[in-house]
Amino acid sequence: MVDRPPNSRPLKVWLVQQGVWAMSLESMPLASGYLKATASQDERIAAQMDIQIHNFDGGGTLFGMANQLFTDGAPDVMAFSVLGWNYQEFAALAETFKQINPDGWAIFGGNHVSQQATRVFGAHPYVDVVVNGEGEFVFRDLLRARLDEVSPRSLHDVEGISFVDESGQVVTTKDRPRIENLDEIASPFLTGAIPLTDKDGEFPYDVALMETNRGCPYKCSFCYWGGAVGQRVRAFSRERLREEIELFAKHKVHTLVLCDANFGMMPIDLEFVEDVIAMKEKYGYPKTIETSWAKNKSAVFYKIVKLMKEAGLHSSFTLALQSLDDNTLDLMSRRNMKVNDWESLAEWLGKEGLDCYAELIWGAPGETIETFMKGYDRLAAHVSRVAVYPMLILPNTTYHTDRDRFGLVTVRGNTDDFEYLLSHDTMSTRDNRYMHRFIFVSRLVAENPVFRNIWHPLRTLAGITQSQLIRSLMDWFENDTHPGVEPFRNGMINSFTDSDVLAPVLTRIYGNDEAKDMLRRWWNESVMPLVPKDLRSLLDSVFEYDLLTLPAYTLPGNDPSVRYANEELPQVEIDGDKYHVWRDVWKGYDVPALTLALRREEPYEHLLTETVSSIYYKVGADRFLPSTNHEEIIYYMGRLERQLVRS
């Protein structure tokens, strides 16, 4: 052990994290917070090191981040939380760091680089260490080694890392055992490692991120989950989680997002929800839990859902199906999951009036356009908010390590380090290009969602499936010559080569009258001729209600709308939340009640009476709309006053 002189300056340690989206609020730096909190529990590190978190959003440029970081020099240790979207940026920042401080340590950790040392060091020789697996105690040990003045070429005694030794060989040390008692990891919230207020005393993050457990019992071919696939699930203690929930409640945090693989399958998950509800009753917050819900829905899940509904605690309940084709599921190693029970669950959630969305992946080996569309419409008959994502090939997954078996042809992204699929044995490049256009339009109007109520009446009353409607809009974007359609056509066409084209056109629909009028022209020209005349008035009413209840938002540079919701509407406060209210604006049917009656197969004729209603829009939509974060956007849709009860 090397003791530093008592009057020497503390060594500077920087933890660098970057979110995926450009947002007005910060994305909570949870990974960096765990590292800082746990390392700071070591008395020697706390006394001799100054650990700082530098948190950037997805809109940060390399030049801007470098200027912000290095204006006054560089630290002694710079550790990066690396994911596919920031790999290239962080590699460039590590290179700049080593120019300023050649003796500094550049450490990479995170899913995207774990077990990928040969590739990382080969492409980026200025990276000194790659952390493999859980990083909290590995990072602490690395900081201890730095204090002991160990060379970054001689880290043989530190478990769970890879480095390059003096001879230029990549050395990977023994794996560090997984952390059995998660409470040994210091809480970044209870220790203050992550500040929970900004300079104005406000909670600075879009949502509060938490982990209640780690591990996943499944081994899906496309997923790595930090190396914890096929692992026993380990949980934080109820006492610790309750303290964290209460701290967030005191800070009036609206939404908890749980970074768990399968929340809702264990009794401890029910206990967590009970504690959240207790804090909501005491402080008024939190009001929403978002998470990756368990793939197999057990009796525990149903108890949780009923309890949340009774308490007015919201969530978007997820059906993470990925594919409904048996052959594709076999190749995914997902046939052992009881996801085939999803239809009864989706029907139950729909009849309960609870928000639900589903996830599908396009491009999995074994899938074709025909099998995908068949599964999509089968799913959309129960859950209209279907999130479709293109298959990405991630490091350490079965698809990555066994790519020849599936005939995968991939290319790396322009601004990220994901591998994008061009083709494989059951998917041609032409088919893939077409489906990327379908994904673009389905994400635009179904996932985010521009349309919410129209899907079920169209299908049950007019026989028009969700994929038919989406394909109709695809054709219209491609062929209509009006200048207002051009941004949508270009976005759709470019979606195959640019994954960032959705947000600009989505915000255009939300915040621009011309874009809403464009949708109305498509509806009248392409959809209404397919609808029996006696249904047109009813379906028109539902369509207009969907447009009217889009969030209160004005696209920057546009004049506030006089026809659609905008930020100049007067505000009221209900149950602790602020809403814009548009008085007596809706003159039509009670559309939510109508669509719920149709879903329950109940009589609805008595609901076909026009009423005058006010619409309430939650304040703050501008913080989320550019992110395309549909789990949060859904809470900013306009609602009738009766829908605000216990919200």
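An unreviewed UniProt entry annotates the protein as B12-binding domain-containing radical SAM protein originating from Kibdelosporangium aridum.

Q: Explain the overall build of the protein residue by residue, including any values.
A: A tally of regular secondary structure across the protein gives 23 helices and 22 strands. What you see for the protein is a C-alpha radius of gyration of 26 Å, in line with the 26 Å of a compact globule of 647 residues. Seen along its three principal axes, the alpha-carbon backbone of the protein occupies a region of about 85 × 55 × 50 Å. With 647 residues in all, the protein has 58% of them scored as buried. For the protein, the proportion of contacts with a sequence separation of at least 24, taken over those separated by at least 6, is 73%. Separation of charge centres in the protein, based on 67 positive and 92 negative side chains, amounts to 2 Å.

Q: Just give me the short version of the side chain of S541, but keep the residues and values in it.
A: Within the secondary structure, S541 is located in helix 21 (residues 533-548). Take S541: its relative accessible area is 12%, and that puts it in the buried class. Ignoring any residue separated from it by four or fewer positions in sequence, one finds S541 in contact with W586, G588, Y589 and V591.

Q: Can you tell me about the UniProt feature "domain: B12-binding" (unreviewed entry) in the protein, naming the residues and giving the values?
A: Annotation from UniProt places "domain: B12-binding" (unreviewed entry) at residues 15-153. The annotated region residues 15-153 carries 42% helix and 18% strand content, and the separation between its end C-alpha atoms amounts to 21 Å.

Q: Tell me what's going on with the sheet that holds strand 11 (residues 255-263), and back it up with residues and numbers.
A: Read from one edge of the open sheet, three strands run 8-11-12, paired in parallel fashion. Both edges of this open sheet fall to strand 8 (208-210) and strand 12 (288-293), since each of them pairs with a single strand only. Neighbour-to-neighbour, the strand axes of the sheet open up by a mean angle of 20 degrees, direction not taken into account. Pairing of strand 8 with strand 11 involves three bridges; the strand directions are parallel. When the sheet's bridge partners are listed, L209 is paired in strand 11 with V257. Sitting on the sheet, helix 7 (residues 238-250) touches strand 8 and strand 11, and the angle it makes with strand 8 is about 175 degrees.

Q: A description of the environment of P286 should follow, citing residues and the corresponding values.
A: Inspection of the secondary structure assignment puts P286 in the loop between helix 8 (267-283) and strand 12. A residue is classified by how much of its surface remains accessible, and P286, at 0% relative accessible area, is buried. Discounting residues that sit within four places of it in the chain, P286 has contacts with I245, A249, V253, H254, L256, V276, K280 and L313.

Q: Can you tell me about helix 7, naming the residues and giving the values?
A: When the terminal C-alpha atoms of helix 7 are compared, their 18 Å separation across 13 residues agrees well with the 18 Å that a helix rising 1.5 Å per residue should span. Here helix 7 has its buried residues at R240, L241, E244, I245, F248 and A249. Of the surrounding elements, those touching the buried residues of helix 7 are helix 1 (30-40), strand 8, strand 11 and helix 8.

The rules behind the values
Just so you know, the residues in each chain are numbered from 1, in the order the chain's sequence is written. Note on the predicted model: pLDDT of at least 70 is required for a residue's local features to be given, and 80 or more for side-chain atom pairs to be given and counted; whole-chain, interface and lining totals, by contrast, use all residues. Each side-chain value is derived from all of the structure's non-hydrogen atoms; neither hydrogens nor water enter the calculation. Strands are runs of DSSP state E lasting at least 2 residues, helices are runs of H or I lasting at least 4, and numbering of each runs from the N terminus. Only the C-alpha atoms count toward the radius of gyration. The rule for a globule is 2.2 Å times the residue count to the power 0.38. Residue burial is assigned from relative accessible area. The probe radius is 1.4 Å, only protein chains are included, and a residue is buried under 20% of its type maximum, exposed over 50%, and partly exposed in between. Here a residue-residue contact requires only that any non-hydrogen atoms of the pair lie within 4.5 Å. Here Asp and Glu are counted as negative and Lys and Arg as positive; His is not counted, and neither are the chain ends. Note that the charge is assigned to NZ on lysines, CZ on arginines, CG on aspartates and CD on glutamates. UniProt positions are given in the numbering used here, feature names are shortened, and annotations may be inferred rather than shown by experiment. By this definition, two strands are paired if DSSP reports at least two bridges between them. Every angle, taken between N-to-C directions, lies between 0 and 180 degrees, and every axis is a line fitted to C-alpha atoms, over only the stretch in contact when it is a helix. One less than the number of residues in a helix, times 1.5 Å, gives the span that helix is expected to have.

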